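Coordinates in review
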Amino acid sequence: MVEIAISAARSQLGDLVRRAAHGRETIALTDHGHVAALLVSPQVIEDLEDALAVADYQLRKERGELGSGIPHEEVGRMLGLRK
């Protein structure tokens, strides 16, 4: 993770945002030497949310907390992918 002072980041903001968005690089913005904010790609956040959802599902499955669910074919019909 690259760290850059907020004062230095001001003049480079566009470039830093593009690096985070397209290069999937995490950039830490520091204020008086302490990390104040992170620039991260939305894809990184989505990947983390997906991983968290899968982990939650697996935990509920191991605990026996899952309901009966919806059959795959029914989901396809609900989405208009099947007749």
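What counts and what doesn't
Residues numbered from 1 in each chain as written. Predicted model: local features only at pLDDT ≥ 70, side-chain atom pairs only at ≥ 80, totals over all residues. Heavy atoms only, no water. Patch = residues over 30% accessible without salt bridge, like charges linked within 9 Å, V, L, I, M, F, W, Y side chains within 5 Å. Areas by Shrake-Rupley, 256 points an atom, 1.4 Å probe, with all protein chains shown as cover. Salt bridge = Lys/Arg side-chain N within 4 Å of Asp/Glu carboxyl O. Helix = DSSP H or I, 4+ residues; strand = E, 2+ residues; numbered from the N terminus. Expected span 1.5 Å × (residues − 1). Polar contact = N/O pair within 3.5 Å; in protein donor to acceptor, adjacent residues only side chain to side chain. pLDDT = per-residue confidence, 0-100.

Side note on a nonpolar patch on the surface
Taken together, Met1, Val35, Leu38, Val40, Ile45 and Leu48 make up a surface patch of nonpolar side chains, about 560 Å² in accessible area. Mapped by element, the contributors of at least two residues to the nonpolar patch are strand E3 (34–39) and helix H3 (42–62). Note that Val40 resides in the loop between E3 and H3.

What about H3?
Counted at 1.5 Å a residue, the expected span for H3 with its 21 residues is 30 Å, and the 30 Å between its end C-alpha atoms agrees. Sitting at the amino-terminal end of H3 is Ser41, which places a side-chain oxygen 3.1 Å from the backbone nitrogen of Gln43. Immediately beyond the C-terminal end of H3, within one or two residues, lies Gly64, with a positive phi of roughly 75°.

Notes on the confidence of the model for the protein chain
Averaged over every residue, the pLDDT of the protein chain is 93; residues scoring 70 or more account for 100%. Model confidence for the protein chain, summarised as mean pLDDT per element, is weakest for helix H4 (residues 72–78) at 89 and strongest for E3 at 98.

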